[in-house]
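# A look at the structure
As a plain string of letters, each chain reads:
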Amino acid sequence: MDKQGQSTANGHIENRTFDEIRVGDTASLEKRLTLDDIKLFAIMSGDINPAHLDDDFAKSTRFQEVVAHGMWGGALISTVLGTELPGPGTIYLGQTLRFRKPVRLGDVLRVSVRVLSKEAQHKRIVFTCLCTNQNGETVIEGEAEVQAPTEKVSRPRAVLPRVRMAERARLHEMLSAAEHPAPVSMAVVHPVDEVSILGAYESARQGLIRPVLVGPRAKVQTAAEAAGIDIAEFELVDVPHSHAAAAEAVAMTRAGRVEALMKGALHTNELLHEVVKRDTGLRTERCLSHVMAFDVPTYPRPLFITDAAINIYPTLADKKDIVQNAIDLAQAVGNASPKVAILSAVETVNPKIASTLEAAALCKMAERGQIIGGVLDGPLAFDNAVSEAAAAAKGIVSPVAGRADILVAPDLESANMLMKQLTYLADATGAGLVMGARVPIVLTSRADDAITRLASCALALLVAEQHKKVGP
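This is a predicted model, so every value here is computed, not measured. (Residues numbered from 1 in each chain as written. Predicted model: local features only at pLDDT ≥ 70, side-chain atom pairs only at ≥ 80, totals over all residues. Heavy atoms only, no water.)

### Describing the overall build of the chain
Looking only at helices and strands, the chain has 15 helices and 18 strands in total. Dimensions of the chain, computed from C-alpha atoms along their principal axes, come out at roughly 85 × 60 × 40 Å. For the chain, buried positions account for 52% of its 472 residues. Across the chain, contacts joining residues at least 24 apart in sequence account for 72% of those joining residues at least 6 apart. Split by element, the accessible area of the chain, about 21,400 Å² in all, is 52% carbon and sulfur. Counting 50 positive and 56 negative side-chain charges, the chain places the averaged centre of each group 3 Å from the other. (Helix = DSSP H or I, 4+ residues; strand = E, 2+ residues; numbered from the N terminus. Buried < 20%, exposed > 50% of the residue type's maximum accessible area, 1.4 Å probe, protein only. Contact = heavy atoms within 4.5 Å. Areas by Shrake-Rupley, 256 points an atom, 1.4 Å probe, with all protein chains shown as cover. Lys, Arg positive; Asp, Glu negative; His and termini not counted. Charge placed at Lys NZ, Arg CZ, Asp CG, Glu CD.)

Put into structure tokens, the structure is as follows:
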């Protein structure tokens, strides 16, 4: 009998006494490994082995990337025993573990215990312990011996403070939202360097994408060898150069062979040039725009910012599409009615500031059904968009002010500066997509870490699923 969740159903934590437990009883939990988990475990234990904390060093190890401390999984076993079965009052007596496979960033561990035997005189119970990853592979196995409680305990569950690592916010909410049985088929365009081939490999291993590698066969294979990965299971479409890779990937998308694109080691303009071709590209009635989904440590919700990469000085018609693209992405992630702040330098309409006029026009468009799915307000200055206190001080009464989910900047320059300020001064991390084409497009960067690449692919999966339901 799986007891997971029963101890927390009414906000209490409750044990099972020795007499209540039967041989064969089970309990389990699931936990996704984040970089914060690794760092917090290192802080607590003092184990600062660079294999767990240093990306560059980890690439020289047999695992090629950062992995969890072995005893992080052991601690999760303790969690099950101490909170689920037997639960409060349990005394740990011993544990024997064997570590079969590494636990990598983004892996989801299922930690299970099963009663193997009971010893009545000393109220001791031996459990078999098993940790498996999202692929069903055994990563840890062993046994634990405990002294089980003899008296019933039921107490309010302690509310722990939320710990957030100041030096790096994460995007695991997107990975969790993208847990789906079917990965998205994705053409990876010209993956001829270690960064881009690893991005595809890691995302495939997490079940987010089914990559089709499009590029010169020899260069792609050389990149894979340099990265220390095996790409034999992936489809590889051999083309002579990056221009041909972009053209072939777009053609494959038009033919329905893939549902998304990822930029590899080629310039963004080179890929988008093929995407926007009128007769052979992936254009829709909307303009393309780039949307970044940020996790900002000091902000209580995901924050979407647009457009910092494609439209330099967008027109009002462009901004209509930019807003709609951002709303669509927010909805794909699970926000059914995102609050959209149209930014300017001030929160009042000023004929001398064109962005305030366009903000007012966009809000009227939303009222008339030309923009759908979100709640718009603007113009709003940045502080009024993200701070309820600042909005209240200005006397702004608005469902968006202070609670914005989406920030629409006046132009690329201001969006780009805002995005980089959040990244380098507020410890924000972000993942982004190009929206407005027939399929989502992932624009990777050499500076992207593993979790950012994974989160970008997770966004692509969610948008592709949305396209299946409602169309691009």
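### Regarding the UniProt feature "domain: MaoC-like" (unreviewed entry) in the chain
Under the local residue numbering, the UniProt record ascribes the feature "domain: MaoC-like" (unreviewed entry) to residues 29–126. Between the end C-alpha atoms of residues 29–126 there is a gap of 19 Å, over a span that is 34% helix and 29% strand. (UniProt positions renumbered as here; feature names shortened; annotations may be inferred.)

### Examining unusual backbone geometry
The residue after Leu 85, namely Pro 86, is reached through a cis peptide bond having omega 5 degrees. Among the structural elements, Pro 86 can be located in the loop between helix H4 (70–83) and strand S3 (91–99). Of the consecutive residues Gly 378 and Pro 379, the connecting peptide bond is found in the cis state with omega at 5 degrees. Structurally, Pro 379 is set in strand S15 (residues 375–380). Within the chain, Gln 64 stands out as a residue other than glycine whose phi angle is a positive 70 degrees.

### Quick look at the confidence of the model for the chain
In low-pLDDT regions, the fine details of the predicted coordinates are not to be read closely. Overall, the predicted model of the chain reaches an average pLDDT of 89, with 92% of residues at or above 70. Ranking the elements of the chain by mean pLDDT puts helix H5 (residues 172–177) last, at 56, and strand S16 (residues 406–408) first, at 98. Throughout residues 1–9 the model reports pLDDT below 50, and contacts reaching past four residues in sequence, or to other chains, amount to 25 contacts. When the criterion is pLDDT under 50, residues 166–170 qualifies, and its contacts beyond four places in sequence or with other chains add up to 19 contacts. (pLDDT = per-residue confidence, 0-100.)

### So, the nonpolar core
Formed by 55 residues in total, the largest nonpolar core has its most connected members in Met 186, Ile 197, Leu 213, Ile 231, Val 323 and Leu 376. Looking at this core element by element, the count peaks at ten residues for helix H15 (residues 450–470). Non-local contacts of Ile 231, meaning those with residues more than four positions away in its chain, are made with Ile 197, Leu 213, Val 220, Gln 221, Ala 224 and Leu 236. Counting residues in hydrophobic clusters, the runner-up holds 33 residues, among them Phe 18, Leu 35, Ile 77 and Leu 81. (Core = buried A, V, L, I, M, F, W, Y, C linked by side-chain atoms within 4.5 Å.)

### What to know about the sheet that holds S3
The strand order across the open sheet formed by five strands is S2-S4-S5-S6-S3, and the pairing between neighbours is antiparallel. On the outer flanks of this sheet lie strand S2 (26–32) and S3, each paired with one strand and no other. Pairs of neighbouring strands in the sheet enclose a mean axial angle of 20 degrees, with direction left out of account. Relative to strand S4 (residues 108–119), S2 runs antiparallel, the two sharing seven bridges. Bridging across to S4, Thr 26 finds its partner in Arg 114. The strands touched by H4 within the sheet are S2, S3, S4, strand S5 (124–132) and strand S6 (138–147), with S3 carrying the most contacts at an inclination of about 140 degrees. (Pairing = 2+ DSSP bridges. Axes fitted to C-alpha atoms, helices over the stretch in contact; angles between N-to-C directions.)

### Concerning the packing of aromatic side chains
Geometrically, a pair of aromatic rings is defined through the distance of the ring centres and the angle of the planes. Inspection of every chain in the model, using the stated rule, returns one aromatic pair. Against the face of Phe 18 rests Lys 118, its NZ or CZ located 4.2 Å from the ring centre. Arg 301 extends its terminal NZ or CZ atom over the ring of Tyr 299, reaching a point 5.3 Å from the ring centre. (Phe/Tyr/Trp six-rings, centres within 6.5 Å; stacked < 30°, edge-to-face > 60°. Lys NZ or Arg CZ within 6 Å of the ring centre and 35° of its normal.)

### Quick look at the pattern of salt bridges
Overall, the coordinates contain 19 salt bridges when judged by the stated rule. Arg 205 serves as the salt-bridge partner of Asp 107, at 3.7 Å between the closest nitrogen and oxygen. Of this pair, Asp 107 sits in the loop between S3 and S4 while Arg 205 sits in helix H6 (residues 194–205); the two residues are 98 residues apart in sequence, bridging distant segments of the chain. Two residues, Lys 394 and Glu 347, come together in a salt bridge whose shortest N-O distance is 3.4 Å. Here Glu 347 lies in the loop between strand S14 (339–343) and helix H11 (354–367) and Lys 394 lies in the loop between helix H13 (388–393) and S16, a separation of 47 residues in the sequence. Of the residues examined, Lys 394 reaches a relative accessible area of 47% and is grouped as partly exposed. If you follow the salt bridges from partner to partner, you end up with Glu 65, Arg 104, Asp 107 and Arg 205 in one network. (Salt bridge = Lys/Arg side-chain N within 4 Å of Asp/Glu carboxyl O.)

### What to know about the environment of Val 139
Note that Val 139 resides in strand S6. Of the residues examined, Val 139 reaches a relative accessible area of 0% and is grouped as buried. With 89 residues separating them in the primary sequence, Val 139 and Pro 50 have C-alpha atoms 21 Å apart. Those residues in contact with Val 139 that sit more than four places away from it in its chain are Arg 98, Phe 99, Arg 100, Lys 101, Pro 102, Val 103, Leu 109, Cys 131, Thr 132 and Asn 133.

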